[in-house]
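Chain and residue survey
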Amino acid sequence: MFRLRLVPDNTRIPFMGYRRWTLPISAILSVLAIVLFITPGPNFGIDFLGGTIVEVATKDGSDADLASIRSTLSGLQLGDVQVQTFGTPNDVLIRIGQQEGGEAAQLAAVDKVRAALGGTLEERRVETVGPRVSGELAWNGGLALVVTLAAIMVYVWFRFEWQFAVGAIIATLHDVIITLGFFVVTGLEFNLSSLAAILTIVGYSLNDTVVVYDRIRETLRKYKKLPLSELIDAAINDTLARTTTTGFTTILALGALYVFGGEVIRSFTAAMIFGVVIGTWSSIFIAAPILIYFGLRQDALKGDKAEAAEKKGA
Amino acid sequence: MLHFARWKVVAIFVVVFAAALAVLPNFFSKSTVESWPSWLPARQIVLGLDLQGGAYLLYEVDRADYVQKRMRTLTSEVRRALLEEPRIGYTGLGTQGQAVQLRLRDPSQIELARTRLTPLQNPLNNTLLGGSAVNEFDLSIGDDGLVRFSYSQQGLTQRVRQIVDQSTEVIARRIDQLGTVEPSIQRQGEDRILVEAPGLGDPQRLKELVGQTAQMTFHLVDTTVATSQAEAARKPNTLILPSAEDPNVSYVVEESALLTGEDLADAQAAFDHQTNEPIVSFRLNTSGARTFGTVTTQNIGRPFAIVLDEKVISAPVIRSAITGGSGQISGGFSIEQANDLAILLRAGSLPAKLDIVEERTIGPGLGADSIRAGAIASVIGTALVCVFMVAVYGVFGWIANIAVIVNVLLVFAVVTLLGATLSLPGIAGIVLTVGTAVDSNVLIYERIREEARAGRSAISSIDIGFQRALGTILDANLTTLIAAVTLFYLGSGPIRGFAVTHAIGVLTTMFTAFTFTRLVVALWVRWRRPTKITL
């Protein structure tokens, strides 16, 4: 009977042998991502910058005339205004920067846009975020990220040896940082949904890391004599079929969402798809080799001995 | 692992059946569901604003504006208190930021001033905290006769709290009149009010209706001076107010109001009998009618101004004494404007100005498009995953697919039963659940294959495979759950919508992995009695 296999049975890839290359690559990419995130920085959306977006569509379904919309709006003196199509050619997204004079001025600006475009265009969506709220959203978002990471670290620490917690957190931070870089490079808007995407990537990546760790721990108990790097290789190869199959199904589901789910959540899904790839990479090439550098073996053996001693005592 | 007690088998199928029953109403229209017998579930999923269209408006009490106005009324209260007989002489009465101050002419009157002014500190009853009463203002009187009322921090906080409560009630009354379906009006934090009105065709009108202070007052118009002169002369006890219709026209009116919105008993939109113009007819309460009767009797021939939020709507001349306590306001309204003004007057005024600090309005068309896109994406995503699973795992792939569908069913059932809101990010959470729900099956199957390759018999590989995989599934899903729960508690808006379905999805994934998938595999084993595993 035919069976599709993403990874042939008995695959033995010497992953840990590549760590001399993969770790520096990840380190360089991470530094690059941090630099890019600071300058030029991501394309922040109104959630964090404040301002307004107005989504309009032509009433008759014809293609929107961006040039005429731009010239109409530039006559309104609203400062920084961006006009672009959104998904389909008859759908247009207008971005209006934060106006001087607070929320009242912002709402007045939106009314002006409405009045100017009301003839041929139908309003589909208006979102305005004032400066006070945008500051809070940014702060709360950052807080959510930190608290999530901390909570997960505590959980992993509780369930495994401390080296695993350190490895998991470094791998996760790596994923977060690289994904931030992804936003800068692609120019995707960085907003509340992007933050949700990043936090979900954190969840997914950890899920993956924990599965690999679980197997490493199990192998560690089974083969006490095997060198640590070979042992980790065995664990990763044993779980490789699962890692790829799950990654692939998740990407299938997200891919459908990306193509058919509409423009509103497209940047969200794009980030998620990227995150699944990077999360899988980090579980294998970062979370695992870090265990070697933090001297897992000795500690684990000690732990086992202590456990055995306890059992004897009891 | 493959043995199930009979009651467990029954329980698992009961849960799945109950979930199917709970999801059922979502496939029918609301009216159909209402006609069902009462023992069938009738709850439907609450769609988020992004899916059904509507308005999300976050208001904040304008503290600065409120303090400024409160200082103005406090100043006139202080003036009135000092002018009582015997009069207390003072100079330099005025406001300074969050304080009102003045200097007594004669320091020997300090004690008299203290007894008169102390009541103006305005003790606020602090029933909520059960503690001692907090004064709205701190009063200090120096030996040199310097009197200072300043807002106490606690007093201001509590006033803002009261304002939010009162405003919430007023807004609720106003929206109620619009006949919107299930609006939600809640306090948020210390000084904010969140208004969510789903399925609204015209968010602009809602904004106008909710955001207006709608403070209505009647003033006599001072016809002795022209507007330009009054401005130059700063005539005491008068206000210069612009006309609502024409900003170039303004009126000089007496500062003290004859009547306020509080004196109104009712207001209705109507048509003028002669001109057929839309108007608002109003009726005053007893004391209001008495005052109005007296004033109109004494001032025949003089105009009075009907003022809404410091703009003059109209300034009719009093032709005869109005003692019946009812009248009408005409101001060149459209029918809708007359209607809205009547609503505002009936619902009462907001105690302070509210600013919109966040606004999201979604048209119904976009919402419908999003639902369609979300549904198509979910179906295609699920189909792709199912095909792939069968290609990889054959019969076991089918079992996984049934588990995935049960999973989606359970997520929808829980969302329906909890009354949680399903938004577009929420749909994304469900699609992601489909992707990861498969993960638990993959973990189990890969483990079974490994055990089979290691030379175990079919039954024993399945048994051990489940045993080993379930521990991993628990660990892996709990970490994901931690992430989802923190997202829910710390997130807002779209993040929350996503976190809800994602967290529920993780829980149902664990449930199906530990019970349903295991049961179906066990039933299959009992049926086929395999000796060799073809996974």
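From a predicted model like this one, the values you see are computed outputs, not experimental measurements.

Quick notes on the rules
- Residues numbered from 1 in each chain as written.
- Chains lettered and ligands numbered in written order.
- Predicted model: local features only at pLDDT ≥ 70, side-chain atom pairs only at ≥ 80, totals over all residues.
- Heavy atoms only, no water.
- Helix = DSSP H or I, 4+ residues; strand = E, 2+ residues; numbered from the N terminus.
- Rg over C-alpha atoms; globule rule 2.2 N^0.38 Å.
- Buried < 20%, exposed > 50% of the residue type's maximum accessible area, 1.4 Å probe, protein only.
- Contact = heavy atoms within 4.5 Å.
- Areas by Shrake-Rupley, 256 points an atom, 1.4 Å probe, with all protein chains shown as cover.
- Expected span 1.5 Å × (residues − 1).
- Bend = angle between axes of the 7 residues up to and from the residue.
- Salt bridge = Lys/Arg side-chain N within 4 Å of Asp/Glu carboxyl O.
- Polar contact = N/O pair within 3.5 Å; in protein donor to acceptor, adjacent residues only side chain to side chain.
- Nonpolar A, V, L, I, M, F, W, Y, C, P; charged D, E, K, R; others polar.
- Pairing = 2+ DSSP bridges.
- UniProt positions renumbered as here; feature names shortened; annotations may be inferred.
- Core = buried A, V, L, I, M, F, W, Y, C linked by side-chain atoms within 4.5 Å.
- Axes fitted to C-alpha atoms, helices over the stretch in contact; angles between N-to-C directions.
- Lys, Arg positive; Asp, Glu negative; His and termini not counted.

Side note on the overall build of chain B
The helix and strand inventory of chain B stands at 15 helices and 21 strands. The globule rule puts the C-alpha radius of gyration for 535 residues at 24 Å, and the 34 Å found for chain B is more than 25% above it. Here the C-alpha coordinates of chain B stretch approximately 110 × 65 × 40 Å along the principal axes. Looking at chain B as a whole, 49% of its 535 residues are labelled buried. Put simply, 68% of the contacts in chain B that link residues at least 6 apart link residues at least 24 apart. Carbon and sulfur atoms make up 56% of the accessible area of chain B, which totals about 24,500 Å².

Some words on helix 8 (residues 228-260) of chain A
Residue and element names in this part refer to chain A. With 33 residues, helix 8 ought to run about 48 Å at 1.5 Å a step, and its terminal C-alpha atoms sit 45 Å apart, in line with that. Of all the bends in helix 8, the largest measures some 50 degrees and sits at Thr239. Phi turns positive one or two residues past the end of helix 8, at Gly262, with a value near 95 degrees.

Examining the environment of Tyr204(A)
Looking at the secondary structure, you find Tyr204(A) in helix 7 (residues 192-222). For the pair Tyr204(A) and Thr280(A), spaced 76 residues apart in sequence, the C-alpha separation works out to 8.8 Å. Beyond its immediate stretch of four places on either side in the chain, Tyr204(A) contacts Thr246(A), Gly247(A), Thr250(A), Val276(A), Thr280(A) and Thr436(B).

Looking at the interface of chain A and chain B
In this complex, chain A contributes 72 residues to the contact, which on the side of chain B involves 67 residues. At the boundary of chain A with chain B, the tally comes to 11 salt bridges. The salt bridge partner of Asp475(B) is Arg217(A), with a shortest N-O separation of 3.8 Å. Across the contact surface, chain A and chain B share 21 residue pairs in polar contact (both at pLDDT 80 or more). At the level of elements, helix 4 (102-117), strand 5 (121-129), helix 5 (131-159), helix 7, helix 8 and helix 9 (266-293) of chain A are the ones that each hand at least two residues to the side of chain A that touches chain B. No other element matches the 16 residues that helix 7 of chain A contributes to the side of chain A that touches chain B. A breakdown of the residues in the side of chain A that touches chain B according to their chemical character gives 36 nonpolar, 15 polar and 21 charged. Sheet analysis places strand 5 of chain A next to strand 20 (residues 354-362) of chain B, joined by 5 bridges and oriented antiparallel. Each bridged residue has a counterpart across the sheet, and for Glu127(A) the counterpart in strand 20 of chain B is Arg360(B).

Examining the UniProt feature "domain: Protein export membrane protein SecD/SecF C-terminal" (unreviewed entry) in chain A
According to UniProt, the feature "domain: Protein export membrane protein SecD/SecF C-terminal" (unreviewed entry) maps to residues 115-295 of chain A in the numbering used here. Secondary structure content for residues 115-295 of chain A is 82% helix and 6% strand, and the end C-alpha separation is 67 Å.

Looking at the pattern of salt bridges
Summed over the entire model, instances satisfying the criterion amount to 47 salt bridges over all chains. The shortest N-O distance in the salt bridge between Arg215(A) and Asp238(A) comes to 3.6 Å. Of this pair, Arg215(A) sits in helix 7 while Asp238(A) sits in helix 8, and the two are 23 residues apart along the sequence. Of the charged contacts, one joins Arg70(B) and Glu77(B) as a salt bridge, the two residues approaching to 3.9 Å between their closest N and O atoms. Owing to a relative accessible area of 12%, Arg70(B) belongs among the buried residues under this scheme. Residues participating in the shared-partner salt-bridge network are Asp47(A), Glu55(A), Asp91(A), Arg124(A), Arg125(A), Glu127(A), Glu358(B), Arg360(B), Asp369(B) and Arg372(B).

Remarks on the nonpolar core
Counting 136 residues, the largest nonpolar core has Ile216(A), Ile232(A), Phe396(B), Tyr445(B) and Ile462(B) as its most contacted members. Here the element with the most residues in this core is helix 7 of chain A; it accounts for 16 residues. Excluding its chain neighbours within four sequence positions, the residues that come into contact with Ile232(A) are Met16(A), Ile216(A), Ala288(A), Leu291(A) and Ile292(A). If you look at the next biggest cluster of nonpolar residues, it comprises 43 residues, including Phe137(B), Leu156(B), Ile193(B) and Leu350(B).

Overview of the sheet that holds strand 2 (residues 51-58) of chain A
Ordered by their spatial adjacency, 8 strands build an open sheet running 3(A)-4(A)-2(A)-5(A)-20(B)-2(B)-10(B)-9(B), and the pairing between neighbours is antiparallel. Looking at strand neighbours, the two that pair on one side only are strand 3 (81-86) of chain A together with strand 9 (184-188) of chain B, the edges of this open sheet. Going from strand to strand, the sheet's axes swing by 20 degrees on average, the running direction of each strand aside. Alignment of strand 2 of chain A against strand 4 (residues 88-96) of chain A, held across 6 bridges, turns out to be antiparallel. In the strand pairing of strand 4 of chain A, Ala57(A) is matched with Asp91(A).

Details of the side chain of Asp175(A)
Residue and element names in this part refer to chain A. Here Asp175 shows up in helix 6 (residues 162-186). Although Asp175 is buried, it makes no salt bridge; Arg242 carries the closest opposite charge, 12 Å away. Side chain to side chain, Asp175 and His174 meet in a polar contact 3.1 Å long. Contact partners of Asp175, with chain neighbours within four places excluded, come to Ile201, Ser205, Ile278, Gly279 and Ser282.

Observations regarding the UniProt feature "transmembrane region" (unreviewed entry) in chain B
Residues and elements named next belong to chain B. This chain's UniProt record puts "transmembrane region" (unreviewed entry) on residues 375-395, 402-421, 427-448, 469-491 and 503-525. Helix makes up 96% of residues 469-491 and strand 0%, whereas the separation of the span's terminal C-alpha atoms amounts to 32 Å. Helix makes up 100% of residues 503-525 and strand makes up 0%, while its end C-alpha atoms are separated by 32 Å.

Quick look at the UniProt feature "domain: SecDF P1 head subdomain" (unreviewed entry) in chain B
As recorded in UniProt, the sites labelled "domain: SecDF P1 head subdomain" (unreviewed entry) are residues 241-352 of chain B. Strand forms 33% of residues 241-352 of chain B and helix 23%; the C-alpha atoms that close the span are 19 Å apart.

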